[in-house]
Each structure stands twice: as C-alpha cells, then as structure tokens.
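Listed here are the chains, written in short residue letters.
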Protein chains: 4
Amino acid sequence: MAKGLNKVMLIGHLGGDPESRNTASGQTVTNFTLATTESFKDATGTWQEKTEWHRIVTWGKLAEICSQYLKKGRQVYVEGRLQTRSWDDQKSGEKKYTTEIVCTDMQMLGSARDQGTGNGGQGGAADTGMSGYDRSPRYTTAPKGTSTGSGDYPQQSSGPMIESEKDDLPF
Amino acid sequence: MAKGLNKVMLIGHLGGDPESRNTASGQTVTNFTLATTESFKDATGTWQEKTEWHRIVTWGKLAEICSQYLKKGRQVYVEGRLQTRSWDDQKSGEKKYTTEIVCTDMQMLGSARDQGTGNGGQGGAADTGMSGYDRSPRYTTAPKGTSTGSGDYPQQSSGPMIESEKDDLPF
Amino acid sequence: MAKGLNKVMLIGHLGGDPESRNTASGQTVTNFTLATTESFKDATGTWQEKTEWHRIVTWGKLAEICSQYLKKGRQVYVEGRLQTRSWDDQKSGEKKYTTEIVCTDMQMLGSARDQGTGNGGQGGAADTGMSGYDRSPRYTTAPKGTSTGSGDYPQQSSGPMIESEKDDLPF
Amino acid sequence: MAKGLNKVMLIGHLGGDPESRNTASGQTVTNFTLATTESFKDATGTWQEKTEWHRIVTWGKLAEICSQYLKKGRQVYVEGRLQTRSWDDQKSGEKKYTTEIVCTDMQMLGSARDQGTGNGGQGGAADTGMSGYDRSPRYTTAPKGTSTGSGDYPQQSSGPMIESEKDDLPF
DNA sequence: TTTT
DNA sequence: TTTT
C-alpha cells in the first residue's frame, strides 16, 4: 500500500502580474509569484515579519483565468502540489533546482476594488472581468488521478523542461 | 491587510533515516527526505507513477521525536510550511536555493511492525520507542504566531544560515 | 467577491464496514464512520485521549472503491467538504441536522496485512482487490467546480433530500 | 500506532456579529457562523450556487480577537477541528447533536473598508482595530498536543456542556 | 533515496 | 463503533 498526499495551501499576494505562454501542444501555462507573510516575536520579544516567496505555475483553463483576472498585489488562495524540477544552467554548467507549486485551485480574495496596483486605471475591462468572476465557479483543475486520458497531463511536468522553452523558466 | 497562509501537508515514506544535529543554542534540528507518489494516466492511457521528493526539517522537541522514532521507509504524515533558503555555493561561487518543509506536525502512519527497513531487527529499543510514542500526544511545534517570546523561534529560520553551520546544510 | 473554501482532512480508522446503496439515478453512495483520536494533557497534567466520530459519505466511482476495499478498523486519509443536511424526524416531529463529510479523496494508509478485522480471513478476493488498488491512482472525485455538465453532480447534494430516498438517510 | 488528523479549513463570510461569553473559569468563548459558497453546474448545465453554513467556536486569546475585530459580512480564513457535541433538548426530550469547528487559527481577508455591514459607520474604532490587526501576528491557539498542562484545555470541550450554560448553546 |  |  502506498500512494501519498502532496498538498500546498497558500494565502498571499501576487508579487507581479502573471506571465503566460503556450506549450507546443497548445496548452496555456501561467506563472506568478506569491508572497506569504508571517509575523513572529524575535529573541528580544519584538514583532518581526518574514515574507516567503512562492513560485506558482498553473495549466490549462485555470492558467487562462489566472492570466486574465490576476494582477500584481491581488490577494489569492492557491492550492496545489509541490514539484521540484531540475535543469542544467547554461551559464555555470551547474545543475539547478526549482521548487514550484503546481496550482490546481485558485480563489480571489477580498474585492476587486480593494486590490493592489493591477486593477486600478484599467477601467471597465477589469470590472467586467470581476463581475464575470463573481458568477463563475471555483477555478479548479482536475487532480492528477482524475484525468481521463486526455493526454496533456504529462506535459504539465515535462513541458517546462523542454530545451526550447528554457528561457521561459519562471525565474 | 496582509498576513498569509503557508501550509504543506504530505503523506509519504522516508527516503532514509533522519539526521540530527544541534545548533549552537542547543536546539535539535532533524532533517529527512520524504517521497510522495502519485499515479496518473499518460498520453497513451497507461498508468504511470511519479515520485516527488521533499526535504523536511524539524526543530526542537519534534526534531528529537523524529530522530528517535522515524526510520527509512516509514510512512508518515507531515504538516508544515514552505521555506526557501539561499546560500553561496563554495564550489561554483553560485547562489543556490533550497526549498524545504519546516515541519510543525508529524504523525506516524500504519503500524510499527509494518514499517520499512528501520524497525526490523533492532530489537527491544525500537519497541520501547514505539510504545513510548503510543502514549504520547500528537507531535507538534507551536506555530509561529503563538510563540510567547521564548526567544528561540527566530533560530528556527536563521540557524541554518549561520556561517559556521554551512556544512550542515541538509543536502 | 465571494466563493469559498470548504475543506476537511482526516486521518483515522473506520468504525465499521462501509455501507452502500444506489440512488434512483444509478449512482453508488457509500457511508462509513471514521474515528480520529487526539491526546491532550488534562488539568491534572495526565494524558487523556479524546475520540471524535465523523460521518463520511462518498459518491460514484469513489463510493464503489470505498465499498470494495475499506473495512472496519482500516486506517485511511479522507479529504472532502462539510455538508449539513436537515430532515424531519418522523418519531419526534422535530427537525434534525446531520453534518457529514462529503468525501472527494480517499487513501488507504499502512499496509493491507496490517489492517483491522476486515481483510483477514476473507481469502483471495480481498487480496486481488488490494493488488488492484495498488496499481490504481489516487481515488478522487472531481471537485464541484470542474464538473462539465455531466448532470450527475447535483444529485450528489440534492439526491439525499429527495422524498423517496428519505429512508436511505445515512444515520 | 494510532492518533489521527482532524483538520478543517474554511474561507467564507460571517453570517452575523460574533457572540462572546466567559466560562466559569474565566476563559473567553466566541461563536459565529460562517458561510462558504460553492458554484456548480446542475443537470441542465446552468450554474447554481450552494451555501453551506458552519458553526465556529473559538477560545481564549483567539476568541477575544474574533470578538473584537470580526463583524457580520467579514471575509475570513478559519482553521480548526471538527467537534460534535450532544445535549438533551429540554423542549422535545430528544438527544440532539451539533457539529462545530473549534477554530485554532483565523485570518481576516480582504481589507477593512471592503467588508460587509459591520465595519461601516463605526468610525475610527474599526480603523484603529484594523491597523492594530495589521501589525499583529497570525491569530492562533496552540494545537491540542502542545498545551503544557495549563489546565484549561479540557474546558474547551467540556465547558459548553455544563448545565448552567445550556442557554449559551451556539444556535 | 521511499512505498506498493 | 475505530486505533495504539
């Protein structure tokens, strides 16, 4: 008996606007960074803040939604799984590792008008977007075990390692 | 408004026996790797397995328990938060990053006699250990926000970056 | 604005064998109870145990798997969402409420040979079953937001409240 | 080997202002209801919304914070564990059950000015509150296993069942 | 490097 | 009603 659980849940703010690209097979991939902040008392008893940065990658329909509605500063809930990729860094010749959260569920928190730098000054478009959001369901991609042979799942992980996509690396 | 959620939950098997050390301040730090395995259908519709490896670090009392009771192959539940550390790699002169799960809750799954290579053939010691475990509570360290000025929390994160401990880096 | 997160994650042991039935529409529904145990120090400083009982309901393919492989005493991980149903109790004429976990992901923990009363002494059938399990993926039903108009999702929640199914109420 | 996991994570909006009381032992207890909303396609393919209501109970320091800062309509993240209590209903003579989430972590989401009916029209007080919040840590109570013999933990669960507090029942 |  |  084996199998496992690999789950990450984050609430934080986007560090920048999401970036999208398309794989050779036509899937959308969207990346963004997310900051989660914790407060804690240090040795002297004063409150300190510590921010942790996370690399989020999302695929397919959810990637399109993230690309369309998320902006720098927006507060979101992200659920997904941990994935560590390795690649050979051209410059140093070293093998490098990146750990990302493959996002399978995302929810916008707070209200549109309350959010960061992104939504301001973009007029009706963002508004239309948000009200579209208001009436839509939770943004979710099917968990691994439920994919029904669509054939695009393996590309979720292998895609980013394809040689020609190297400069799409998320950071 | 800020603050955040940074939570990881894993169920998997230890890739090796845990390794412990003590910080200058006397805290115990225990590291181990955890494999989580997922199955999915590939493009041809056949089932594939994919294993993800996670670096777990745990502190204080929980570190001692992990060191004492966990063995290679043991199935556990791990809860914690993501933390990415950077350091300057001496060999290459490159800055490198490691993402770890700072474990704040751990639970052994299955039964002792059912577990990997570790518990077998080690006689009474492991047994005593397990029955000690059986009567003890869930192994947990206090979350960041609840530390009450004990002064050792910051060492949880800053400890591993102290110069003199560089060769204690978990990988 | 809006939407939400409603997530439950449990690790515990089944209090009895699962019970299955079929809805009018042909869906399988499987119910079981799950015990989660916590230890804590009481006012006198001695360790106490407290067991919480949870009512689990699962639908469709996952219901079939639970029915087939789970037995009294088996340790499992259950993920799902909270759902409170009300019904008019015939005897008392009172309105009553039941809170259940609608299970959308289940994983067996430990090994088959290590588990409760169920698997022992039932010969090859259970064994065949278990090895079938071993090669299959994580048992998951699609989250609400991802159903693609298949038409059977609403029956997950509305089904149990249909008049003709009243005496199928899980407890 | 046993022990278990009993975890609930919710993101939703308060259905009303929190209500607080004090136990005989001087602990603060705060109750509120939380609505989580999900969208799903029904059998006809149209989007439907379903709201689930949750009863939240929180203790001690966290109860004081909830009482002070949360208002009807406010969006929050709640983490806790499921607990089912029973009591004898005086009117009907029936045994009744209530399932609650014993909240051990809470975080306010969105911004103060963006929140429901509660904060509006209350002038500076709410503002002071919120900026206090901005500088404070995550609101958390220690998990069960980490209580260090303070003696008040058992009252978390037994408190609400004390005869004289019956009319404090959360609903 | 784990597990089934 | 489970488990250790």
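This one's a predicted model, so the numbers in the text were calculated from it and none came from an experiment.

**Brief notes about the environment of Thr-28 of chain D**
Residues and elements named next belong to chain D.
Here's step 1: Along the polypeptide, Thr-28 turns up in strand E3 (residues 28-41).
Here's step 2: Judged by relative accessible area, Thr-28 falls into the buried class, the value being 11%.
Here's step 3: Distance from Thr-28 to Ala-63, taken between C-alpha atoms, is 6.0 Å for residues 35 residues apart in sequence.
Here's step 4: The residues touching Thr-28, leaving out its near neighbours within four places in the chain, are Ser-20, Arg-21, Asn-22, Thr-58, Trp-59, Gly-60, Ala-63 and Glu-64.
Here's step 5: A polar atom in the side chain of Thr-28 sits 3.3 Å from the side chain of Asn-22.

**Concerning the pattern of salt bridges**
Here's step 1: According to the stated counting rule, one finds 28 salt bridges over all chains in the structure shown.
Here's step 2: The partner of Arg-81 of chain C in a salt bridge is Glu-38 of chain D, with the nearest N and O atoms 3.6 Å apart. One end of the pair, Arg-81 of chain C, is in strand E5 (residues 75-88); the other, Glu-38 of chain D, is in strand E3, on a second chain. Each member of the pair, Arg-81 of chain C as well as Glu-38 of chain D, is classed as buried.
Here's step 3: Each of Lys-7 and Glu-79 of chain A together with Lys-7 and Glu-79 of chain C takes part in salt bridges that share partners, so that together they form one network.

**Notes on the state of the cysteines**
Residues and elements named next belong to chain C.
Here's step 1: In total, this model carries zero disulfides over all chains according to the counting rule given.
Here's step 2: Looking at the unpaired Cys-66, the closest cysteine sulfur is the one in Cys-103, lying at 5.4 Å.
Here's step 3: Using a relative accessible area of 0% as the deciding quantity, one classes Cys-66 as buried.

**Digging into the side chain of Glu-94 of chain C**
Here's step 1: With respect to the element layout, Glu-94 of chain C can be found in the loop between E5 and strand E6 (95-108).
Here's step 2: Within the structure, Glu-94 of chain C has its side chain in polar contact with the side chain of Lys-96 of chain D (distance 2.5 Å).
Here's step 3: Aside from chain neighbours lying at most four places away, what touches Glu-94 of chain C is Trp-87, Asp-88 and Asp-89 of chain C together with Asp-89, Ser-92, Glu-94 and Lys-96 of chain D.

**Some details on the confidence of the model for chain A**
Residues and elements named next belong to chain A.
Here's step 1: In the predicted model, chain A carries a mean pLDDT of 74, and the fraction of residues at 70 or more is 64%.
Here's step 2: Predicted confidence for residues 118-137 stays below pLDDT 50, and this span has 26 contacts to residues more than four positions away or in other chains.
Here's step 3: Below a pLDDT of 50 lies the segment residues 142-171, which in the model reaches 57 contacts outside its immediate sequence neighbourhood of four places, other chains included.

**Some points on the side chain of His-54 of chain B**
Residues and elements named next belong to chain B.
Here's step 1: Inspection of the secondary structure puts His-54 in strand E4 (residues 47-59).
Here's step 2: Judged by relative accessible area, which is 3%, His-54 ranks as buried.
Here's step 3: A distance of 2.9 Å separates a polar atom in the side chain of His-54 from a polar atom in the side chain of Thr-36.

Calculation rules
- Residues numbered from 1 in each chain as written.
- Chains lettered and ligands numbered in written order.
- Predicted model: local features only at pLDDT ≥ 70, side-chain atom pairs only at ≥ 80, totals over all residues.
- Heavy atoms only, no water.
- Helix = DSSP H or I, 4+ residues; strand = E, 2+ residues; numbered from the N terminus.
- Buried < 20%, exposed > 50% of the residue type's maximum accessible area, 1.4 Å probe, protein only.
- Contact = heavy atoms within 4.5 Å.
- Polar contact = N/O pair within 3.5 Å; in protein donor to acceptor, adjacent residues only side chain to side chain.
- Salt bridge = Lys/Arg side-chain N within 4 Å of Asp/Glu carboxyl O.
- Disulfide = S-S within 2.5 Å.
- pLDDT = per-residue confidence, 0-100.

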